[in-house]
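Read off the chains here:
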Amino acid sequence: KTSLLDVIRQADVAAGEAGGITQHISAYQVTYTGRTVTFLDTPGHEAFAALREHGAHLTDVAVVVVAADDGIKPQTLEAIRFARKAGVQIIVAITKIDKEGANLDRVRQELADQDMIPEEWGGSTVVVPVSSKTKEGVDKLLEMILLVTDVEELKADVAVPGEGLVIESHMETGRGPIAVALIEQGTVKQGDFIVAGGTYAKVKVLET
């Protein structure tokens, strides 16, 4: 999953993670055809279920990643359940299509068993086969994310006070408290006061 995001970001995050498992929620923005897409990379390991559920509630579109050679795993079913519970649109990315043992129809059948009938089988679930290795299907995945966004008319009003969710926060030497936030509507400016729970602060530095 993170390897796919690496290709989209043209970066290499997966190599630096303990055991190759994403251990926190991270946000990344990419520009595709002049439009900005924000990705939240949530943990795939079953030990991080609570974080993954938190991630599902932050998103408008959930990209559920299924390996073509592994098929749907218990944590995949969990991710689908979280996305449904959060009421977000689901796109399925079938990865590792270049690997020996890849079986796209088996994955499609497993999706159908979960009442997620692929579009090519006459259903409404968007399924995009992709390869992090060859980059096949990556453009199609980004196009489908933007298409679902347009169909659902997912827009925000920027002319109101900023509202959003803090994804991560930490203390940094020399800088103080740092919050990584996803602004869902409105605009946040340097000098604004922000409130999170019982805490408030003035925005000293704003990085996007």
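As shown above, the structure is provided for reference.
Here the structure is a predicted model, which means the values were calculated and not measured. (Residues numbered from 1 in each chain as written. Predicted model: local features only at pLDDT ≥ 70, side-chain atom pairs only at ≥ 80, totals over all residues. Heavy atoms only, no water.)

(A) Broad picture of the side chain of T125. Relative to the assigned elements, T125 resides in the loop between α4 (104-113) and β5 (126-129). Once residues within four sequence positions are removed from consideration, T125 is found in contact with V92, M116, I117, P118 and E119. (Helix = DSSP H or I, 4+ residues; strand = E, 2+ residues; numbered from the N terminus. Contact = heavy atoms within 4.5 Å.)

(B) Structural context of unusual backbone geometry. Backbone geometry at D115 places phi at a positive 60°, although glycine is not the residue there. On the accessibility criterion, D115 (68% relative accessible area) is exposed. One non-glycine residue, K135, lies in positive phi territory at about 70°. When you line up the elements, K135 lands in the loop between β5 and α5 (138-151). Given a relative accessible area of 46%, K135 falls into the partly exposed group. (Buried < 20%, exposed > 50% of the residue type's maximum accessible area, 1.4 Å probe, protein only.)

(C) Here's a closer look at the pairing of strand β6 (residues 163-172). As judged from the nine bridges shared by β6 and strand β7 (residues 176-185), these two strands associate in the antiparallel manner. The partner of E172 across the bridge, within β7, is G176. (Pairing = 2+ DSSP bridges.)

(D) Main features of the sheet that holds strand β4 (residues 89-95). One open sheet holds the three strands; their spatial order is β3-β4-β5, and the pairing between them is parallel. Of all the strands in the sheet, just β3 (61-67) and β5 have a single pairing partner and so form its edges. Put simply, the sheet's adjacent strands are angled 25° from each other on average, direction ignored. Across seven bridges, β3 lies against β4 in parallel orientation. Its bridge partner lying in β4, A62 is registered against I90. (Axes fitted to C-alpha atoms, helices over the stretch in contact; angles between N-to-C directions.)

(E) The arrangement of the nonpolar core in detail. The biggest cluster of nonpolar side chains holds 22 residues, and the ones touching the most others in it are L4, I8, F39, I91, V128 and L141. When residues of this core are traced back to their parent elements, those giving at least two are α1 (2-9), β1 (26-32), β2 (35-41), β4, β5 and α5. The dominant element in this core, judged by the number of residues it contributes, is α5, at seven residues. Among residues more than four places away in sequence, those in contact with I91 are V61, A62, V63, V64, V126, V128, L141, M144, I145 and V148. (Core = buried A, V, L, I, M, F, W, Y, C linked by side-chain atoms within 4.5 Å.)

(F) Looking closely at the environment of T38. Its location among the elements puts T38 in strand β2. Separated by 21 residues in the primary sequence, T38 and T59 place their C-alpha atoms 9.3 Å from one another. Ignoring anything within four residues of it in the chain, the contact list for T38 reads Y28, Q29 and L182. At 2.9 Å, the side chain of T38 and the side chain of Q29 are in polar contact. (Polar contact = N/O pair within 3.5 Å; in protein donor to acceptor, adjacent residues only side chain to side chain.)

(G) Inspection of the environment of T31 at higher detail. Here T31 lies in strand β1. You can call T31 exposed: its relative accessible area is 60%. As for T31 and R9, which are separated by 22 residues in sequence, their C-alpha atoms are 9.3 Å apart.

(H) Molecular detail of the environment of P118. Residue placement: P118 occurs in the loop between α4 and β5. As a C-alpha pair, P118 and V128 span 10 residues in sequence and 9.6 Å in three-dimensional space. Other than its neighbours up to four places away in sequence, P118 contacts R108, G123, T125 and V127.

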